[in-house]
Each structure stands twice: as structure tokens, then as C-alpha cells.
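# Observations on the three-dimensional arrangement
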Amino acid sequence: MENGAAPTAPAVIVAIDGPSGTGKSSTSKAVAAQLGLSYLDTGAQYRAITWWMVTNGIDTDDPHEIAAAAGKPEIVSGTDPAAPTITVDGTDVAGPIRTQEVTAKVSAVSAVPEVRTRITELQRTIAAGAPLGIVVEGRDIGTTVLPDADLKIFLTASAEARAARRSGELKGADVNVTREALIKRDAADSSRKTSPLAKAEDAVEVDTTDLTLEQVIECVVTLVEEKRAGK
Ligand SMILES: Nc1ncnc2c1ncn2[C@@H]1O[C@H](COP(=O)(O)OP(=O)(O)OP(=O)(O)O)[C@@H](O)[C@H]1O
Ligand SMILES: Nc1ccn([C@H]2C[C@H](O)[C@@H](COP(=O)(O)O)O2)c(=O)n1
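Residues numbered from 1 in each chain as written. Chains lettered and ligands numbered in written order. Predicted model: local features only at pLDDT ≥ 70, side-chain atom pairs only at ≥ 80, totals over all residues. Heavy atoms only, no water.

### Brief notes about the overall build of the protein chain
When helices and strands are tallied, the protein chain shows 9 helices and 8 strands. For 231 residues, the compact-globule formula gives about 17 Å, and the C-alpha radius of gyration of the protein chain, at 18 Å, lands near that figure. Projected onto the principal axes, the alpha-carbon positions of the protein chain cover approximately 60 × 40 × 30 Å. Counting all 231 residues of the protein chain, 45% fall into the buried class. Taking contacts inside the protein chain between residues at least 6 apart in sequence as the whole, the part at least 24 apart equals 76%. Accessible surface for the protein chain amounts to roughly 11,400 Å². Of this, 53% is attributable to carbon and sulfur atoms. For the protein chain, the separation between the mean place of its 24 positive charges and that of its 33 negative charges on side chains is 2 Å. (Helix = DSSP H or I, 4+ residues; strand = E, 2+ residues; numbered from the N terminus. Rg over C-alpha atoms; globule rule 2.2 N^0.38 Å. Buried < 20%, exposed > 50% of the residue type's maximum accessible area, 1.4 Å probe, protein only. Contact = heavy atoms within 4.5 Å. Areas by Shrake-Rupley, 256 points an atom, 1.4 Å probe, with all protein chains shown as cover. Lys, Arg positive; Asp, Glu negative; His and termini not counted. Charge placed at Lys NZ, Arg CZ, Asp CG, Glu CD.)

Pasting the structure below:
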């Protein structure tokens, strides 16, 4: 470099998809933090719009009502992996979007095409504006939102492992009830018409069933570094 400045790596876009409880959020946050990248939790955005629908009395069993309201809430995501944020019309909804009610309704709301168009646009704008690159996690990032991502990862794990992880988080939750709930949500997310949960053809599949979180993070960091090195 003529001016002696160190060359900067081009922005890298990493897409991490997979079913519920496979470790997408934990892995994506840690990978982004280690590599100095931004981080986007797209599930939080779908939860945020679902929270708004519930709070504003929209019938979440009525796709027409959801579609008509899809453009109304303003959803803002903060992309610092050390402190990700999510607001709706200026209100911090990080807590309220994790309730059982929102979790039970988010698949129906996120299946509505008008909702997906709105949120997908938001996601692409955020990814394009990330100065050093971004790790984006969700269900359709590699297939639909960012089909030209530099690296696509698809995380999987057995339903038993995923239920055990989730039950550990939800103190006192019955592991069988948790398992059935996540299988039901995955089935709804995988079978919707618009942009279902799916592995992109060019995604690297990582089965996390028998891996620790640290091993999964290391695996993904290595894959990103190899990509950056042109291997
Ligand atoms: N490889 C792993 N081994 C053990 N526990 C893990 C592993 N990966 C993640 N976990 C734990 O499992 C739980 C779920 O992980 P996480 O929220 O990252 O999954 P997710 O795929 O983002 O789920 P969702 O799509 O439902 O948001 C967390 O408590 C996390 O610490
Ligand atoms: N790219 C995405 C991300 C999420 N969703 C929907 C489907 C999920 O069940 C829900 C909540 O996601 P989570 O917070 O559990 O990761 O949001 C989607 O349709 N597309």
C-alpha cells in the first residue's frame, strides 16, 4: 500500500439458516463478535412484527388482516453482536417478543407474503450497509434474502438435542412438550409457500447434535477465514 495503511478485507456476508434450537443465534453472535462483523437476528424481526400484530388486535388467523397491516410498524434492528437490539415504533421489544404467545403465532404471521416482502427488504438494506460484513441468521437467508452470500451454513441437530437445549433455557419446561412445539413450528416454517425454511444448494451443512457450542463456533469461524483466504 502506497500510504502504508494496512489493506482491509472486503466485506463478507455470512448466511446461517436452520431449524429452531440448532444454535443459529448463539453461533452467529459469537462468530460475528470474533471476526468484527455485524449481526442480524431475522427471527427477532418476524417476532417483532408478530408482537405488533398481537398488541394492535390484528387477528393472526386472518392472512388478509395481517397483509393489510404489514406495512404499519417500524422495526429497527441494532446489529452489534455484543448487544443486539430490536425496537418497534421506538419501543424496546427484546423481552416481549420471546413470550409463548408470540412464539405460538410467529409462524402464521411470517407465512404471509406481504410480511415477508417487507422484512426481506429491511434485511437486505441492513446487510448492504454493514461496513465490514455481517452474519445474518434465519430460515431463508441463503435461499432468498441473500442468495449471493459469500458463505452459507445450514445448522441441524436432532429434535431431542434441540428440545433439551430449549428446556434448559425455559426453566421447568417439560422436554417432551418443548420437543413437540419445536417440531410443529419447524413443520409450519418448512411447508409455507413463500420462502420456506430450506437449505440452499450451496450451503455447508453442520450437524451440531454432538458438538459443543464452542466447537460449532470454531467450525464456522474457520469456514469464514478459509473463504476470505480464497480457499
Ligand atoms: N452445540 C450446542 N450444544 C449445546 N447447547 C447449544 C449448542 N448450540 C446452542 N446451544 C444452546 O441451545 C439453545 C438454543 O440456541 P440458539 O438460540 O442459538 O438456537 P437457534 O437456532 O437460534 O434457535 P431459534 O431459531 O429458536 O431462535 C441456547 O440455550 C444455546 O446456548
Ligand atoms: N428468516 C426467517 C427467520 C425467522 N422466521 C420465522 C419463523 C420462525 O419460527 C420465527 C421465529 O424465529 P426464531 O426467533 O425462533 O429464530 O420467525 C422466518 O420465517 N424467516
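Having seen the model, we can carry on.
### Description of the UniProt feature "binding site: ATP" (unreviewed entry) in the protein chain
The feature "binding site: ATP" (unreviewed entry), as given by UniProt, occupies G18, P19, S20, G21, T22, G23, K24, S25 and S26 in the numbering adopted here. Topologically, K24 is positioned in helix α1 (residues 24–35). For K24, a relative accessible area of 6% translates into the label buried. Residues contacting K24, with those up to four places away along its chain left out, are I16, D17, G18, P19, E137, G138, R139 and L155. A polar contact of 3.1 Å, which involves the side chain of K24, links it to the backbone oxygen of G18. (UniProt positions renumbered as here; feature names shortened; annotations may be inferred. Polar contact = N/O pair within 3.5 Å; in protein donor to acceptor, adjacent residues only side chain to side chain.)

### Observations concerning the site of ligand 2
Around ligand 2 sit 16 residues, and of these R47, R116, D140, R185 and D189 come closest. Take T42: an N or O atom from its side chain is 3.1 Å from a nitrogen atom of ligand 2. At a separation of 2.7 Å, an oxygen atom of ligand 2 approaches a polar side-chain atom of D189. Of all elements in the fold, only α2 (42–55), α4 (100–110) and α8 (175–191) reach the threshold of two or more residues within the shell around ligand 2. Sort the elements by how many residues they give to the shell around ligand 2 and α2 lands first, with 4 residues. Here the shell around ligand 2 is built from residues that sort into 3 nonpolar, 5 polar and 8 charged. (Near = heavy atom within 4 Å. Nonpolar A, V, L, I, M, F, W, Y, C, P; charged D, E, K, R; others polar.)

### Focus on the UniProt feature "domain: Cytidylate kinase" (unreviewed entry) in the protein chain
The sites that UniProt annotates as "domain: Cytidylate kinase" (unreviewed entry) are residues 14–225. Helix makes up 50% of residues 14–225 and strand makes up 16%, while its end C-alpha atoms are separated by 11 Å.

### Some details on the sheet that holds strand β4 (residues 85–88)
Spatial ordering of the open sheet is given by β3-β4-β5, a layout of 3 strands whose pairing is antiparallel. Edge strands, defined here as strands with exactly one partner in the open sheet, are β3 (75–78) and β5 (91–92). Note that β3 and β4 share 4 bridges and pair antiparallel. Paired with I75 across the strands is V88, a residue of β4. Strands β3 and β4 of the sheet are contacted by α2, whose axis makes an angle of about 25 degrees with β4. (Pairing = 2+ DSSP bridges. Axes fitted to C-alpha atoms, helices over the stretch in contact; angles between N-to-C directions.)

### Examining helix α7 (residues 159–169)
Among all positions of α7, only A159, A161, R162, A163 and S167 are buried. The inward-facing, buried residues of α7 abut α8.

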